[in-house]
2 protein chains.
Amino acid sequence: VSTDIIPDGYRDLLERPLFGHLATTRPDGSPQVNPMWFVFDGTHLRFTHTTRRAKHRNITADPRVAFSIHDPDQPYRYLEVRGKVVEVVPDPEGEFFVSLAKRYGEDWPAPPDKADRVVYVVSVEKTSKQ
Amino acid sequence: VSTDIIPDGYRDLLERPLFGHLATTRPDGSPQVNPMWFVFDGTHLRFTHTTRRAKHRNITADPRVAFSIHDPDQPYRYLEVRGKVVEVVPDPEGEFFVSLAKRYGEDWPAPPDKADRVVYVVSVEKTSKQ
């Protein structure tokens, strides 16, 4: 079970509403990275995204991702998670977006681009930490 | 000049002692990302690293990197910088490490692994922001 992959004492970094940085690989092989909201259900990480941006083209061509979260209260403490986008779930009403916004303390309506919204479901395969 | 590439109003993200997340590509094409100290001289970003870790193998095989910095005070504000490791400068006395630590408020001696320490000099070629 992937939960065993999370190192002891680092699980809070996946449970707190922190901003992590999700890296993907562009079709030309170069890296791409930007901050993202996420939620962890104990097995998978979930992200909200749209099908209209470069990251979506990247993960469609190569589903492997890496995700870096550091602890803002202890900045030398971090976790890197490596995995794959194993499923892309349509979110046409933006419901997942709204629930994820709530986790981050934002009371936001469904976004204007909700028709293009999707949920990236990401497996947790390996981790690194410091 | 690369300074023109930095979008108006985002330069502070490169000047403040923030933690950014540096993404590289592994030899198998999958992404790797972790938080890093950095300093920007107006043209290049500089990072301290050692030649003994996976990231060094990655940038030796493919020098293209991406770097994501978000503003802890306004977390939806971020800058992604894309560029290349254009030079790897030996830092055998750990002097660059010590000066970079100081920038982050740490009064640290040269690290135990100073013999393997290097400075990554990274060009600034493209940026994305939000």
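Figured I'd write up the structure that's included with this text.

What counts and what doesn't
- Residues numbered from 1 in each chain as written.
- Chains lettered and ligands numbered in written order.
- Predicted model: local features only at pLDDT ≥ 70, side-chain atom pairs only at ≥ 80, totals over all residues.
- Heavy atoms only, no water.
- Phe/Tyr/Trp six-rings, centres within 6.5 Å; stacked < 30°, edge-to-face > 60°.
- Helix = DSSP H or I, 4+ residues; strand = E, 2+ residues; numbered from the N terminus.
- Buried < 20%, exposed > 50% of the residue type's maximum accessible area, 1.4 Å probe, protein only.
- Lys NZ or Arg CZ within 6 Å of the ring centre and 35° of its normal.
- Contact = heavy atoms within 4.5 Å.
- Buried area = accessible area lost by both parts, 1.4 Å probe.
- Salt bridge = Lys/Arg side-chain N within 4 Å of Asp/Glu carboxyl O.
- Polar contact = N/O pair within 3.5 Å; in protein donor to acceptor, adjacent residues only side chain to side chain.

Some remarks on the packing of aromatic side chains
Right, on to step 1. Taken as a whole, this structure holds 20 aromatic pairs over all chains when the rule is applied.
Right, on to step 2. When the centroid spacing of 5.5 Å and the interplanar angle of 70° are considered together, the rings of Phe-19 of chain A and Tyr-76 of chain B count as edge-to-face. One end of the pair, Phe-19 of chain A, is in the loop between α1 (12–15) and β1 (20–25); the other, Tyr-76 of chain B, is in strand β6 (residues 74–90), on a second chain.
Right, on to step 3. The exposure class of Phe-19 of chain A is buried, given its relative accessible area of 17%.
Right, on to step 4. Judged by relative accessible area, Tyr-76 of chain B falls into the partly exposed class, the value being 26%.
Right, on to step 5. Residues Phe-97 of chain A and Trp-108 of chain A carry aromatic rings whose centres are separated by 6.4 Å and whose planes lie at 20° to one another, so their mutual orientation is stacked. Here Phe-97 of chain A is found in helix α3 (residues 95–103), whereas its partner Trp-108 of chain A is found in the loop between α3 and β7 (117–123), with eleven residues between them in sequence.
Right, on to step 6. Each residue in the set Phe-19, Trp-37, Phe-97, Tyr-104 and Trp-108 of chain A together with Tyr-76 of chain B is aromatic and connected to the rest through ring pairs, giving one cluster.
Right, on to step 7. The positively charged end of Arg-103 of chain A is found above the aromatic ring belonging to Phe-38 of chain A, 5.1 Å away from the centroid.

Quick notes on the interface of chain B and chain A
Right, on to step 1. Each side of the interface is counted separately: chain B has 31 residues, and chain A has 30 residues.
Right, on to step 2. Taken together, the two surfaces of chain B and chain A that pack against each other cover about 2,600 Å², and 56% of this comes from carbon and sulfur.
Right, on to step 3. On the chain B side of the contact with chain A, Pro-31, Val-33 and Tyr-76 of chain B bury the most area, a combined 24% of that side's loss.
Right, on to step 4. Linking chain B to chain A there are four salt bridges.
Right, on to step 5. Its salt-bridge partner being Arg-64 of chain A, residue Asp-28 of chain B comes within 3.7 Å of it at the nearest N-O pair.
Right, on to step 6. Counting across the chain B and chain A interface gives 14 residue pairs in polar contact (both at pLDDT 80 or more).

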